[in-house]
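Overview (structure and organization)
Next come the chains, spelled out residue by residue.
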Amino acid sequence: MSEIICQWLNQELKVSRTVSPKSFAKTFSNGYLIGEVLHKFELQDDFSEFSESRVSTAKLNNFSRLEPTLHLLGVQFDQNVAHSIITEKPGAAMKLLYQLYIALQKKKKSGLTALEMQTIQPQISGRLQNMKSEPFREKLKNLIPRQTDFNLMRVTYRFEEKHKHMKEDTAPKQFENLERFQKLKEEQRSFDIEQQRSNRRRQNEIMAKIQAAIIQIPKPTSNRTLKALEEQKMMKKKKEAEDVANEIMQFEALIRKDLQAKESVSKTNLDRADQATTDLLNTYSDDDYIKKIQKRLEEDAFAREQREKRRRRLLMDQLIAHEAQEEAYREEQLIHRLMRQSQQERRIAVQLMHVRHEKEVLWQNRIFREKQYEERRLKDFQDALDREAALAKRAKIDFEDQILREKEVHDQIAMERAQDSYKNDYEICADILDQILDFSTKVADYRMLTDNLIPPKLMHDWKELFFNGKPIYERMPSKHSTAQLVELEKRNLLDSNDYEEYKNMVGEWALSEEMINNLPPSNNSILGHVLHRLVEKSLPPQAESAEPEVPSFAIKGCLLGKTLSGKTSTLKSLQKDFPIRVLSIDTLVQEAIQAFHDNERVRNTPVTENKDGGEAPAIPQENSKEGQLTVRAQLGAQSEKLLKKGKSIPDTLLVNIMVNAINEIPMSESWILDGFPMTVNQAQLLEEALTGYNRNAVETEGKKTQISTLAVDPTSSKEVPLPPSAFDFVILLDISDTSSLDRMNHIMAEEFSPEISNKVTNQQEGEESQDKDGDQNLRDQIQHRIVGFLDNWPMLEQWFSEPVNILIKINAEIDKEHLCQKVKEIFVTETVKKKNKVEKKLEEKEAEKKAAVSPAESTPTPPPPPPPEPEKEKEVHSQKEPSKTPSAKGKRQSGSPKGKSPGGKTPVKKSPAGSTEVSPTPTVPPPPKPGSEEWVYVNEPIPEELPSFLVPYWEIIENSYINTIRTVLRHLREDQHTVLSYLYEIRTSFQEFLRRPDHKQDFVAQWQADFNSLPEDLWDDEEAKAELHQRVNDLRDRLWDICDARKEEAEQERLDIINESWLQDTMGITMNHFFSLMQAEVNRFQDTKRLLQDYYRAMEGKMPVDNNKKSTRIPLVQLDGKDISENQLRIPLVPRISISPDASVPKLKVKTILKGKVDGSLENVESSFESDEKLVMDTWQQASLAISHMVAAEIHQRLMEEEKENQPADSKEKSPQMGPNKKVKKEKEPPKKKKTDKKAKGKSPPIAEASPVTVTAEEMAEIEQKNELKLKIKEEHLAALQFEEIATQFRLELIKAKALSVLEDLVTKVVDVYKLMEKWLGARFLNEMASVEKLTDIARYHIETATKIQNELYLNQEDFFINGDIKVFPDPPPPVRPPPVEKEEDGTLTIEQLDSLRDQFLDMAPKGIIGNKAFTDILFDLVTLNLGTNIFPSSWMHLTQPELQELTSLLVVNSEFVDWRKFLLVTAMPWPIPLEEELLDTLQRFKAVDEAQTGTITFEQYMQAGLWFTGDEDLKIPENPHEPLSFNRQEHLIEFFFRLFADYEEDPPLLDYTEMLFYFACHPDPMEGVYRALSVAVGTHVFQQVETPMLIAEKTSFSTDVSPIEEFPEPEENGAREERESKEERDEREQKEEEISENLNTEKISMETLLKVFQGGNEAQDTNRFAGHLKIENIYEESFIKTFQDLGAKNLEPIEVSLLLKHPFIQDLIANYSDYKISDIKMILQRSEHVQGSDGERSPSRLTEEKK
């Protein structure tokens, strides 16, 4: 099976790691390959989160992610299986992979994906699996050891292995020690034996002396003593016999019991077998066979009894024989004792002396042993102390390591938090930059669309989107995607901004100067009052929270901070100085659980729940269910239940425990919470429990009361009071994370201090163990606590700072005493603040009580009013009193706004009855207008069901109005984008149309080809020229025809664009949008009118009127010409003509729009714009008239109802009511006229005064009061209606003005585009004509000059130019440049001459060595004869025989041989002489190329590695193409060096690069050359010995030897300079010695390498290394062997270079070895040339000048 699984994994799936059966368990132990297998089957989408690491966290992550997928496949997988795989249990991974293989094959056959498999599963099992995943991770986390444990096990295993190896190493030593110990022990044993023998001999001697002193007494006769002894013997025998008999009986009883038990078991087994098989074997039963079995069993039992009897008989015989033997032995002993009894008495004296001596010895030994015991005890005690000290030291070291690890963990957590914060900030900044980029690109796009003129509205919308973080570009919304939601949010945001601009009349809807002067009030106060009253009636009454009558002086606070910030210790110190109660949530939870364990019961006396003010929440009534347990015990039971399940206590339960503890504290006692609340949720729950207020609920209530946005009640604008805080102060002990960790470590370090351990008594051991457990738990949790505090504190800080800032921060990283002092000071200041606050509140309450009592005492009974207006006063008071009494939820200002007393107002209107008696005084102020601040609103009771109908009705009105406005404004905004896009599209499409391809270039190319194909003999012919001119004219006419045709097509395209119906349709759609705005305003007015009508009629007690009239509908523009019947339309449509012919709009606007030259194509635009303006004006007039008619109809309906009500049954009652009825008819007149009419009407009827009064005064007053109320209701209703009419008329006028401006702007933009198209068309036609003229001019010029046109003539649309990149016929071919040739310069041999010399020398001496004389003869022959081959340059031809001998002497070390390779190397100069570093770099490159390390390379490898110089030279390219290029000498020199030193006998030729670099190591200073050669041989730089001054080589082309006379020509004059130079040389030498001392020649050199560097001949003076090819032995070999042996290398192993250079022989050899000196042969050539040019005389001074 393992091979099948491995084949499946390696070949079919091709996993990333090869799997073998041997390493199967280890390969799959981290779960990575299992995830890869599932990922290949597209089941593990989160495979990127898997890790290949083998640490425990990676394994836990991998297997936690695998668990849901494996359960989805139905593979059995739990934490035990995962633990078996992780621990590499044999067979566990193979079993899981086999199950996975079967499941994946089934899945492959079914063809289901992971998503389909999840959907197939039932939903309950999926949820259950999700719930199981987290416990699986926790259980697996508990099973898997931590990575630190793994590392510890690995370290332990390594140390155990080391211990085992050490034990194995020490085992032989121990065995030797054991043998030595045994040998010593044997020696001690032999010594003891010898000592015992000597003691025995001494004792025998003493005994012999005693025997000699014994007196022989005769044996007495037998007496009664013998009989007594015999009787005793018999008694003893009988007793022993009885004991033996009892034992035998017990033995038999035991055997009998065993037999009976066996027989019973066998019988029961047989019986059971018989009973079980009787029914089955009845047909096969045989009585004889059964009887035989029974007989056989009986015989076996009898035989067993006989065997037992025989065994018992044998035992008895053995016992009797043993007893007889013992009896005989006892008799012998008795006789022996009787014989010795007398002798013993004689020995007593001697033995006493001996015993005394032994006692003395024993006493001495005991004293000595006690001393040893005491020393051993002291030593053991000291060892125990040392061991404890060592253990404490080790524990301290471990503790310090633990501290470092915890700090690393904390730093890692802090770094991760910083990275997360940086990542969040980075993402925010990236989003902002993306938005800025989108904003910039959007602006750029629209600048292209609008020709750099962006509309302000678009820019404003983009800014809003940018500031709100919304994407500016539209995203492609998919179904149920976030992009779709983002687009909806963008649309709602822009719609809201447009609606706010429309509502506030700003931005695009800003008013003109004419309309600003007629601006109506922004709010209908009467309508706002009505809506506010209806909303208040509809909302349910709220129970206000009861506050304590007497506020408490107790302080309530909490102390927060990180773990170990000093909260508890500070509160303990504070509790000592102040009477406060400290509440800790941990202590309270423990007390609650303990109360549950103690079965704490409620006392007999009932406990009031609302103790101390009753602000705490009601306690859940569970006492009856749980047996009268206290609340604390019940909460403790719930907490223990959760803790036993391993869950954390929820915030609600913690808050209940804390609130229960707070309720038990008296109200006058202060309390402070220790470290609670820890989260925002706990703070919110605690505040709600202690104060009864919820901040979110208060905010939502404030929003509910302000339900209307179109009309606001100014009298109800109250600010929501801030909810009281649960705390008076909150103190934060601020401390850094590192300080918290340091304090934790300090607490743990105290456990290891020896002083504390010595002070701990036995009684405190239990408490100390508990504290240690708590400290250990705190140490394990401190990281999580710090992280939790850092996560929750920002929200807590905002919570305690937002409404009222009660947060106080203290730096807790100070001493404990200073911290406690600061907290005490803060507590004192907060106590003083609380006291002042409570006293101020008490003073306010007392002042309110006095203010409430004083008006009652001051106004017991009002004085009688003056006679003119008694009814008026009663009417006013009667209106105000009911306004205070109804359930208005605390609204005291409904009757008299802004708290003004009723007495401060004068009566507004006079009754007709009272007007005749008293005339108005001139000092009375004008009556208040309805809706003003002084106006008293009518608050008569209304039916209860009316608000439930009118409030939703108003919400529908408001929502419909707002949604309609927003929808229309959205369409207008989108239409603006559409217009800009369309205009840009037609501009670009027209430009593309103008740039459409033409075929003029074909005609031009044909003409050019014909022109160039003209024979050369006709170029100067006049008739031919005339013919060519005529062809040019024909070409021009044809091109002009093409231009005219293109112009006509462009004009027709422009006319088609203008005649499109787009402009008319767009203007019609735009007008319909504005008509929809007008319709929304009219609908709002109609619905508001109905609401006011129903409200005031209900207040008057009348039934609502059924309004069967149809709503006013503003007609829309019909876009298409289809005829539709009116029955099929919900909204009427009008054609695109004016409704009223009387309304005429002046044509000034059209003229300004179409200014300039107006062609006939724009007449249609002019006519359509005029008709649209007329249509807008007519629609506006129609809507305005409809609103006026609705108001007039409402007033008329009021008058008709009053006339019906006031039909006179009596003329007495008719006269007082005429005034107000006539007054209503003139509501629309100016205010002054109203007053005069009122007065006139009030005084007109004289009948009321003269008629006899039949009604009582009280009835008359009631009638007057009712009439006054009705009049006030009507006045208020009509004022609200008129206000709505004015506002709606103003809105309609604003919409009309905006519509006209939008239409005008649209027409202006379209006309500008049409004019721009005309401009483009004309300019393009003129440019095309001009380009044709240019073409004809150039053609005529070439005709007259009789030259061909080689470059292409390009004519495309309006562009004409001569294309220099394209030629019609090719140019003549350029001349061929000759190859480069090397020239002779300054006697330097060319590469060709060097190659020829190399070939000749190679034929003569393939090994490279030629005799001195033969070499001179060869050179002389080549110079003198030259053989016609030009081997040497001309300067060499004048060399004489002596000069050639001198040249040879420079190259020869001894007097025999010359190395011709060195000669060619010198003659090839100038070439760059390498520095030592360059030689070493070149050597390293050659070695890098030589992969086989053979020491030889090929030509390709040689060119790849390169030398210290390259062949790249700055060669000038001659301008004359007939001149050859310059010769690159360095490039050819590199190739020549390979030919010079390579071995051409091999195929391919091979170069020994080390041997070649030895040649290049030559230097003008021979000692420097030797060191350079040594450096090449060793491979690194070899430092020179600084015992003698040396010349430092520079990188020059050449240097010569200089004589001492030439070096120092004037010693007398340059004495000071010599001293200065000697000092400089001394300083350089000291500096060089320091460098050498720092960088010693630590490299080693072998004997073979040294022989390669120093190669000599047979003679000691011959130091020519190049003669080594001919010599068999090196003359230095014996010296080198002796040198190596002197330096300690007996076997000639490699030695250090520094040690070798210190040997005298090597120093001598280096100083005298001149084989690495490079010579200057050009000195001889220069001298030869000089001699030929002079008279032949030569002097030393002249030679010196030549050398210089």
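Residues numbered from 1 in each chain as written. Predicted model: local features only at pLDDT ≥ 70, side-chain atom pairs only at ≥ 80, totals over all residues. Heavy atoms only, no water.

1. A look at the overall build of the chain
The helix and strand inventory of the chain stands at 56 helices and 16 strands. Put simply, the chain has 1748 residues, and 35% of those count as buried. Within the chain, contacts between residues separated by at least 24 positions form 77% of all contacts whose residues are at least 6 apart in sequence. (Helix = DSSP H or I, 4+ residues; strand = E, 2+ residues; numbered from the N terminus. Buried < 20%, exposed > 50% of the residue type's maximum accessible area, 1.4 Å probe, protein only. Contact = heavy atoms within 4.5 Å.)

2. Considering helix H30 (residues 1000-1012)
The end-to-end C-alpha distance of H30 is 19 Å, a good match for the 18 Å that 13 residues give at a rise of 1.5 Å each. Where H30 is concerned, the buried positions are Lys 1000, Gln 1001, Val 1004, Trp 1007, Gln 1008, Phe 1011 and Asn 1012. Viewed along the axis of H30, the buried residues span an arc of 125 degrees, placing them on a single side of the element. Lining the buried residues of H30 we find helix H31 (1022-1058), helix H39 (1257-1345) and strand S8 (1351-1356). (Expected span 1.5 Å × (residues − 1). Arc of directions from axis to C-beta.)

3. Remarks on the pattern of salt bridges
For the structure on display, the rule yields 45 salt bridges. Between Glu 487 and Lys 490 there is a salt bridge whose closest N-O contact spans 3.6 Å. Note that Glu 487 and Lys 490 are positioned in helix H13 (residues 482-504) at a spacing of three residues, about one turn of the helix. Like Glu 487, the residue Lys 490 is buried in the burial classification. The partner of Glu 830 in a salt bridge is Lys 833, and the shortest N-O contact between them spans 3.9 Å. Here Lys 833 and Glu 830 lie together in helix H26 (residues 816-858), a separation of three residues that amounts to about one turn. According to the relative accessible area criterion, Glu 830 is buried, its value standing at 9%. Where salt bridges share partners, they join Lys 457, Asp 461, Asp 495, Asp 498, Arg 970 and Arg 973 into one cluster. (Salt bridge = Lys/Arg side-chain N within 4 Å of Asp/Glu carboxyl O.)

4. Structural notes on the confidence of the model for the chain
Averaged over the chain, the pLDDT score is 75; the fraction of residues at 70 or greater is 74%. Note on residues 280-285: pLDDT under 50 across the span, and zero contacts to partners over four residues away in sequence or across chains. With pLDDT under 50 throughout, residues 1587-1617 is counted as low confidence; its partners more than four residues away or in other chains account for 31 contacts. (pLDDT = per-residue confidence, 0-100.)

5. Side note on a positive patch on the surface
On the surface, Lys 262, Arg 304, Arg 307, Lys 309, Arg 310 and Arg 313 cluster together into a patch of positive charge. Ranked by the residues each element gives to the positive patch, the list is headed by helix H11 (residues 287-449), at five residues. As for its position among the elements, Arg 313 is in helix H11. (Patch = residues over 30% accessible without salt bridge, like charges linked within 9 Å, V, L, I, M, F, W, Y side chains within 5 Å. Areas by Shrake-Rupley, 256 points an atom, 1.4 Å probe, with all protein chains shown as cover. Lys, Arg positive; Asp, Glu negative; His and termini not counted. Charge placed at Lys NZ, Arg CZ, Asp CG, Glu CD.)

6. Quick notes on helix H44 (residues 1476-1489)
Helix length check: H44 (14 residues) gives 20 Å between terminal C-alpha atoms against 20 Å at 1.5 Å per residue, within 8%. Among the residues making up H44, those that are buried are Glu 1476, Glu 1478, Leu 1479, Leu 1480, Thr 1482, Leu 1483, Phe 1486 and Val 1489. Buried residues along H44 sit against strand S12 (1496-1497), helix H45 (1499-1505), helix H47 (1553-1560) and helix H48 (1566-1578).

7. What to know about the packing of aromatic side chains
A complete count under the given rule lists 44 aromatic pairs for this structure. Between Trp 8 and Phe 41, the ring centres sit 6.5 Å apart and the planes meet at 40 degrees, which makes this aromatic pair tilted. Pair noted here: Trp 8 is in helix H1 (residues 2-13) and Phe 41 is in the loop between helix H3 (32-40) and helix H4 (56-73), with a separation of 33 residues, a long-range link. A single burial state applies to Trp 8 and to Phe 41, both of which are buried. (Phe/Tyr/Trp six-rings, centres within 6.5 Å; stacked < 30°, edge-to-face > 60°.)

8. A look at the sheet that holds strand S13 (residues 1542-1543)
With respect to topology, three strands assemble into an open sheet ordered S12-S14-S13, the strand pairing being antiparallel. The open sheet terminates on both sides in strands that have one partner only, identified here as S12 and S13. Bridge count for S12 against strand S14 (residues 1550-1552) is two bridges, and the pairing is antiparallel. Counterpart to Thr 1496 in the pairing with S14 is Asp 1552. In this fold H47 packs onto S12 and S14, with an angle of close to 50 degrees to the strand it touches most, S14. (Pairing = 2+ DSSP bridges. Axes fitted to C-alpha atoms, helices over the stretch in contact; angles between N-to-C directions.)

9. Concerning the environment of Leu 1465
Structurally, the position occupied by Leu 1465 is in helix H43 (residues 1460-1467). C-alpha separation for the pair Leu 1465 and Phe 1537, spaced 72 residues apart in sequence, amounts to 8.3 Å. The contacts of Leu 1465, once residues within four sequence positions are left out, are Trp 1471, Phe 1537, Leu 1540, Phe 1541, Tyr 1559 and Phe 1560.

10. Side note on the sheet that holds strand S5 (residues 807-811)
With parallel pairing, five strands are arranged side by side in an open sheet as S2-S3-S1-S4-S5. Both outer strands of the open sheet, strand S2 (580-584) and S5, are each paired with one neighbouring strand and no more. Direction aside, neighbouring strands of the sheet carry axes that sit 20 degrees apart on average. Along the sheet, helix H16 (residues 567-577) contacts strand S1 (556-561), S2, strand S3 (670-674) and strand S4 (729-734); its crossing angle with S3, the most-contacted strand, is approximately 165 degrees.

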